[in-house]
Each structure stands twice: as C-alpha cells, then as structure tokens.
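Structural overview
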Amino acid sequence: MTELVPLELNPELDIEDLGARFRRDGRVRVCRVFARGAPELYHYLESNEDWVQLVNHEAGAHELSWSEWRVPGGKCRSALETDIFARAIDGFQYSYAALRIPTASEHDENPVLSAFCELMQGQPMQALLEGITGLDAPTFTDGQVTAYGEGDFLTGHDDDLTDSGRKVAFVLGLTPQWRLEWGGLLLFHEIGGVDCVGLIPQFNTLDLFAIPRYHSVSLVTRAAPRRRFSVTGWLSIAA
C-alpha cells in the first residue's frame, strides 16, 4: 500500500484572483490545489475495495456491494441496468461507486478519509474557501468520494434542497490523464437548453460553483482505461 502523505494546500494559490473569477462566473476551477499528498490519496482510493455502487431505484437510493457490481453481466448488475437507463430517459438518475467520508466522531472507521474531513475543517482550508466564495465560516457537509467507471453517469440537477443551507458545491478532482472522449465531464447547462459548458476531469483540481446551478456528469465510455475519482460535497452555512 502506498504510504500516505498529509494533504497540504498550495501556498502559491492566488485567492484574490480566484475569488474574482468566482464572483464573475458563479464557478471557478482551482488548479494544483494541494502542494503535496494528492498522488498518495489517489493511489489509496484506486486500491480501495470498500466501495458501494449507488443508483436511483424505484424505492430511492439503492446500494450494491462493489463485489456484486464490478462483475460485468453479473446477476445483480444485469437486473438493475435496464431500469437504471430507463429511468434516465426523463427522470433523475445516477450510477457511480462511492465511499462516505466519516465525521470526526467516526475517525476509526476510516482514518484516511477522516483526516480529509479534519483538513476541510482546518483554518488553512477555511481561509481558502472563505476567500474564494465570500461565505462566512462555511461547513463542508455530506462528503463522499465518488468513482465513475464505464456506464456511470449523473443526470441534471441543481443541488438546491430546502433548508439544507447549501451555498456552494465542492468537487475535488483526483483523476490523472483523462481524455474528453472518455466522458465523465462535469457539465453546466439549463433545463431544455442547447448550450453547455463541459469541464474535463483533471488531477488535483478543486471546482466550486454556486447553488442553485443545473449540472450533470456525462456517461463514462468503454474507452476509459480507469475510473474518474473525485471528492464531492457542499459548503453550507447555518440558517
């Protein structure tokens, strides 16, 4: 197993410029967000076996163990795939693998991801997020690590839940050497619109965008030789 290195923010980030871009466009991509630790985190996620596959089923969110899902043509997978794509025709649907980020009180469940949670609550990260978004003491909530493989996708939505306190969406990209043709793009568009902006997955990047904003993740194709890894969640403020 790769020896983990603590994540450290890049001290050369131009927070003033990033904040100006966020205020202008309602979104910004921060490149080279970490000075160290990102490669080791990627290799840890790549070798992890504790993933669950999440899909939106008739009864709501449905989980399958990674061992059940990752076998192409497996009984559990085949039984769901027809329903997954049928529901995606005109409704909200998703399919991707995930790891939940533990809270501080659940540190022993996964020390690596608990350390990420502590990083998000630390002063350096808080200063960065406040400086870019203009939010006062934002809280990182509902964090999860996602891995999009062949056939995975997320249909359009705007992340706006009543009384959630969500203000900004957070996507930490941990995907090296990715081609546009492989899919898995973060797309910004409007319901029924014809124009969109697509962001190619990249390594060690942080995408922040204001809520509500309609977006989706395009289908990952068979050509992709690896999965698309990211850490996602929301920056919220107390009501």
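Look above for the structure.
Residues numbered from 1 in each chain as written. Predicted model: local features only at pLDDT ≥ 70, side-chain atom pairs only at ≥ 80, totals over all residues. Heavy atoms only, no water.

Another aspect to go through is the packing of aromatic side chains. Enumeration over the complete set of coordinates arrives at 11 aromatic pairs. The interplanar angle of 85° and the centroid separation of 5.7 Å between the aromatic rings of Y42 and F229 together place this pair among those described as edge-to-face. Note that Y42 is positioned in helix α2 (residues 38-47) and F229 in strand β14 (residues 228-236), a separation of 187 residues in sequence. By the burial criterion, Y42 is buried, and F229 matches it. Note on F116 and F140: the rings are 6.1 Å apart at their centroids and 75° apart in plane angle, and the pair reads as edge-to-face. Taken as a pair, F116 in helix α5 (residues 111-121) and F140 in strand β7 (residues 139-148) lie far apart in primary sequence, 24 residues in all. In this structure, F116 and F140 share a single accessibility class: buried. (Phe/Tyr/Trp six-rings, centres within 6.5 Å; stacked < 30°, edge-to-face > 60°. Helix = DSSP H or I, 4+ residues; strand = E, 2+ residues; numbered from the N terminus. Buried < 20%, exposed > 50% of the residue type's maximum accessible area, 1.4 Å probe, protein only.)

Approximately 580 Å³ is the volume attributed to the largest pocket. Listed by contribution, the elements that provide at least two residues to the lining of the largest pocket are β6 (94-100), β7, β8 (153-157), β9 (166-174), β13 (215-217) and β14. Volume-wise, the second largest pocket comes out at about 340 Å³. W69, R77, G149, E150 and G151 are the residues nearest the centre of the second largest pocket, which is lined by 18 residues in total. Mapped onto the lining of the second largest pocket, the elements with two or more residues apiece are α3 (66-69) and α4 (75-88). Top element by residues in the lining of the second largest pocket is α4. It accounts for four residues. For the lining of the second largest pocket, the class distribution of residues is seven nonpolar, four polar and seven charged. (1 Å grid on protein atoms, 1.4 Å probe; cavity = no way out; pocket = protein on both sides within 12 Å on 5 of 7 lines; lining within 4 Å. Points joined across faces, edges and corners; volume = space filled by probe spheres on them. Nonpolar A, V, L, I, M, F, W, Y, C, P; charged D, E, K, R; others polar.)

Moving on, we get to the nonpolar core. Formed by 48 residues in total, the largest nonpolar core has its most connected members in V33, F34, L45, W51, F116, F170 and L208. Of the residues forming this core, the biggest block, six residues, is contributed by α5. Excluding residues within four positions of it along the chain, F170 makes contact with F116, M120, L129, F140, L206, D207, L208, V231, T232, G233 and L235. Counting 11 residues, the second-largest nonpolar core is a separate cluster that includes Y96, A98, V217 and A224. (Core = buried A, V, L, I, M, F, W, Y, C linked by side-chain atoms within 4.5 Å. Contact = heavy atoms within 4.5 Å.)

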